[in-house]
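Overview (structure and organization)
So you can see what is in the structure, the chains are spelled out below.
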Amino acid sequence: MAAVRESHERFAERFGDLRAAENASGDAAAFVARTRLVHAWRGTFERDPRLPGALLPDDWPGRAATRLFVDAWRALREPADRYWRGLTGDQATGGV
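To keep things clear, this report deals only with the structure shown in the data block. This one's a predicted model, so the numbers in the text were calculated from it and none came from an experiment. (Residues numbered from 1 in each chain as written. Predicted model: local features only at pLDDT ≥ 70, side-chain atom pairs only at ≥ 80, totals over all residues. Heavy atoms only, no water.)

1. A few points about the overall build of the protein
- Summing up its helical and strand segments, the protein has three helices and zero strands in all.
- Reading the helices (α) and strands (β) of the protein from amino to carboxyl end gives α-α-α.
- Put simply, the protein has 96 residues, and 30% of those count as buried.
- Partitioning the contacts of the protein with sequence separation of at least 6, the portion at a separation of at least 24 is 78%.
- Surface accessibility of the protein: about 6,200 Å² in total, with carbon and sulfur atoms responsible for 52%. (Helix = DSSP H or I, 4+ residues; strand = E, 2+ residues; numbered from the N terminus. Buried < 20%, exposed > 50% of the residue type's maximum accessible area, 1.4 Å probe, protein only. Contact = heavy atoms within 4.5 Å. Areas by Shrake-Rupley, 256 points an atom, 1.4 Å probe, with all protein chains shown as cover.)

Structure (structure tokens):
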């Protein structure tokens with residue numbers, strides 16, 4: 001579990017200041033930021049056995065890392081999707 005803890009901590013350090021879409025200047029930057037965020041999260045999430053919260057220590061960094069991922073993804077969603085639609089010509093509003 002030490003390696004999983006470290007993976008969550010590294011994720012939080014890397015993306016800790018990416019909580020708001022305005023941190024990415026423009027739609028293209030938001031698209032790149034979200035792509036990097038999701039790629040890093042997949043690597044982190046795959047290492048985590050996702051034990052029930054009752055079995056994890058109170059200071060488990062996976063909780064904060066998960067919240068960070070969700071908040072950053074939501075903040076980047078609109079500008080990143082807008083950029084993707086511009087690339088593909090897809091005018092659908094349902095997301096990617």
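2. Topic: the nonpolar core
- In this structure, F11, F15, L18, L37, W41, F69 and L76 are the most contacted members of the largest nonpolar core, which totals 15 residues.
- Not counting residues within four places of it along the chain, the set of residues in contact with F69 comprises F11, L37, V38 and W41. (Core = buried A, V, L, I, M, F, W, Y, C linked by side-chain atoms within 4.5 Å.)

3. With respect to the packing of aromatic side chains
- Following the criterion strictly, the structure yields six aromatic pairs and no others.
- Ring geometry for W41 and F69: centres 5.1 Å apart, planes at 15°, overall stacked. Taken as a pair, W41 in helix 2 (residues 27-47) and F69 in helix 3 (residues 61-88) lie far apart in primary sequence, 28 residues in all.
- Owing to a relative accessible area of 9%, W41 belongs among the buried residues under this scheme.
- The exposure class assigned to F69 is buried, which follows from its relative accessible area of 15%.
- Three or more aromatic residues joined by ring pairs make a cluster, and in this case those are F11, F15, W41, F45 and F69. (Phe/Tyr/Trp six-rings, centres within 6.5 Å; stacked < 30°, edge-to-face > 60°.)

4. A closer look at helix 3
- For helix 3, spanning 28 residues, the distance from its first C-alpha to its last is 37 Å, which sits close to the expected 40 Å at 1.5 Å a residue.
- If you look at helix 3, its biggest bend is around 50°, right at R77, and the proline P79 turns up within four residues after that.
- For helix 3, the elements touching its buried residues are helix 1 (2-15) and helix 2. (Expected span 1.5 Å × (residues − 1). Bend = angle between axes of the 7 residues up to and from the residue.)

5. A closer look at a nonpolar patch on the surface
- Taken together, the side chains of M1, L51 and L55 make up a nonpolar region of the molecular surface, amounting to roughly 290 Å² of accessible area.
- Within the secondary structure, M1 sits in the segment before helix 1.
- For M1, a relative accessible area of 47% translates into the label partly exposed. (Patch = residues over 30% accessible without salt bridge, like charges linked within 9 Å, V, L, I, M, F, W, Y side chains within 5 Å. Salt bridge = Lys/Arg side-chain N within 4 Å of Asp/Glu carboxyl O.)

6. Section: the environment of A30
- The topology assignment puts A30 in helix 2.
- For the pair A30 and W73, spaced 43 residues apart in sequence, the C-alpha to C-alpha distance is 9.7 Å.

Taken by themselves, the reported measurements are silent on function.
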